[in-house]
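# Fold and geometry: a report
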Amino acid sequence: MKKREKGKGRNVPNEKKRRNVVAVILDRYEEHSSDWKKYGDEGAAGRRSVFVEQELYDEIGRQELIAQIVELSKKGLLDVKWYQTGSEVECFIYRLEDMNAFYALDGRRPKRELAQARLKELEELIGSREWKPWLLDSLEELRKPLEAGKIPRVYEKKEYYLKALAGLNQLNEPIYKRVFSKHFLGKSKVFENDIQGVVISAARRFHPDVDSDPEVMSAEEVLSQIFVETYSQELWIKGPLRLQVCGKVSGFSEFPFGVGLNADMLKNAEICQEQDICKVVTVENKANFMKMPYEEGTLLVYTHGFFSPKERFFLKKLETVLKKKRVEYFHTGDLDYGGIRIFQHIQKNIFPKLQPLWMDEETFLKYAEEAVAVEEAYLDKLRKLSVPETLEGLKKCILETGKVIEQECMLWKE
């Protein structure tokens with residue numbers, strides 16, 4: 001009989017190193033699309049062949065492999081086809097009704113039992129409490145692969161990942177990343193080192209306030225949206241805002257160069273009902289915010305990209321207070337895809353009447369010599385993005401030139 005060529009045909013053994021024939025059989029069984037799902041069922045029967053090729057001899061060792069096959073055949077667990085009896089095996093055949101014996105020999109827990117146990121554990125976790133919608137979606141995402149017998153990669157860090165999601169479910173206030181990790185995971189660097197990327201990926205898919213594009217919203221900004229802070233949170237403002245703090249009214253018009261409101265200030269300060277604000281301008285970049293002069297009646301707010309939940313809550317309260325007045329709202333930022341997305345985020349979540357400032361065709365042409373080229377994939381994202389009519393001119397300029405302009409470059413032309 002002609003030997004099968006190396007790598008040809010079905011049932012080529014896995015590349016991973018295994019120590020015995022039983023492990024090879026169990027791997028073959030668990031990789032089969034449906035065999036493993038029948039484990040333990042009455043009447044589950046059938047025969048499966050594993051062809052022996054050079055890789056398998058190399059993996060286990062020729063003499064050891066043959067010895068194990070012979071031993072298992074003597075126990076009635078294998079049938080063997082030989083090229084040359086006792087020295088060269090064509091294939092060996094196992095029976096599905098014998099799988100419990102193979103699992104007992106290997107000490108491995110059957111895949112069906114393991115998948116069912118993990119699925120039950122997942123269902124118990126989901127039903128154990130009320131979940132934030134995005135976290136519930138993150139957990140439900142694990143259900144389908146488990147039902148198919150596939151163990152998601154997050155299960156390599158299952159204990160940490162599920163504990164992290166449970167911890168995030170409890171957060172309604174910002175917490176420093178390492179404090180979060182120590183409190184909920186037991187060690188201060190576990191979150192950052194082991195599962196931060198997986199959590200950010202889940203947030204990008206399911207959190208309503210997180211942008212899926214890493215070029216638009218950075219990892220740090222994503223963490224901020226889920227109340228995990230990597231730095232001290234401060235909202236920088238410049239203008240005549242009045243707050244009541246500890247029973248005393250404080251006005252910031254006497255600070256013409258701006259002030260930073262930390263997390264405790266945002267949480268505890270009350271926004272006074274009487275304000276001398278007639279215009280609010282959000283500014284994407286810090287250099288531009290610092291350069292813009294103080295103007296009576298104008299409140300400048302530095303966005304640092306996307307506002308955090310606490311900042312959004314504070315600014316929405318301000319917008320509610322200002323509704324009794326005729327106040328204009330503007331945003332100025334980079335003349336690019338990210339700048340447009342930030343504008344849309346603020347308009348949707350904080351200031352519905354927001355209008356673009358210096359984010360139009362005229363401004364783009366004015367600073368055109370500072371523009372830098374972007375790749376076609378970037379432009380394709382912008383083509384697919386629906387924008388307000390007020391930003392159509394900017395979108396058109398970017399698509400026609402294939403270039404974008406960062407807000408900071410505008411300072412050089414002042």
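Preceding block: the structure.
Description of the structure in this document. (Residues numbered from 1 in each chain as written. Predicted model: local features only at pLDDT ≥ 70, side-chain atom pairs only at ≥ 80, totals over all residues. Heavy atoms only, no water.)

### Looking at the packing of helix α8 (residues 158–170) against helix α10 (residues 190–206)
The condition is simple: In this analysis, axes come from line fits to C-alpha atoms, helices being fitted only over the stretch in contact, and the angle between any two N-to-C directions falls in the range 0 to 180 degrees. Secondary structure elements are defined from DSSP: runs of H or I of at least 4 residues count as helices, runs of E of at least 2 residues count as strands, and each element is numbered from the N terminus. Any angle between 65 and 115 degrees counts as roughly perpendicular, while under 35 counts as roughly parallel, over 145 as roughly antiparallel, and the rest as oblique. Each crossing gets its hand from how the near helix is turned against the far one by less than a right angle, where anticlockwise is left-handed and clockwise is right-handed. We call two residues in contact when some of their heavy atoms are within 4.5 Å. Each residue is assigned to one of three groups, with Ala, Val, Leu, Ile, Met, Phe, Trp, Tyr, Cys and Pro labelled nonpolar, Asp, Glu, Lys and Arg labelled charged, and all others, Gly among them, labelled polar.
As a packed pair, α8 and α10 sit with axes 10 Å apart at the nearest point and diverge in direction by 70°. Taken as axis vectors, α8 and α10 run roughly perpendicular relative to one another. For the pair α8 and α10, the sense of crossing is right-handed. Facing Tyr 160, Tyr 161, Ala 164 and Leu 168 of α8, the residues of α10 in contact are Val 190, Asp 194, Ile 195, Val 198, Val 199 and Ala 202. A class-by-class count of the residues in the contact of α8 with α10 yields nine nonpolar, no polar and one charged.

### Examining the pairing of strand β13 (residues 328–332)
Successive side chains on a regular strand alternate, one facing one side of the sheet and the next facing the other. We count it as follows: Here the term buried applies to any residue with accessible area under 20% of the maximum for its type, exposed to any over 50%, and partly exposed to those in between, with areas from a 1.4 Å probe on protein chains only. Any two strands with at least two DSSP-identified bridges between them are counted as paired.
With four of five residues buried, β13 is to be regarded as a mostly interior element. Here strand β11 (residues 279–283) pairs with β13 via five bridges, running parallel. What sits directly across from Val 280, in β13, is Tyr 329. Where β13 meets strand β14 (residues 355–356), two bridges bridge the pair, whose relative direction is parallel. Each bridged residue has a counterpart across the sheet, and for His 331 the counterpart in β14 is Pro 356.

### Regarding helix α14 (residues 309–322)
As a reminder of what qualifies: Expected span, for any helix, means 1.5 Å times one less than how many residues it has.
Over its 14 residues, α14 extends 20 Å from the first C-alpha to the last, a length consistent with the 20 Å expected when each residue adds 1.5 Å. Within α14, ten of the 14 residues are buried, which leaves it mostly tucked inside the rest of the structure. Listing the buried residues of α14 in full gives Pro 309, Lys 310, Glu 311, Arg 312, Phe 314, Leu 315, Leu 318, Glu 319, Val 321 and Leu 322.

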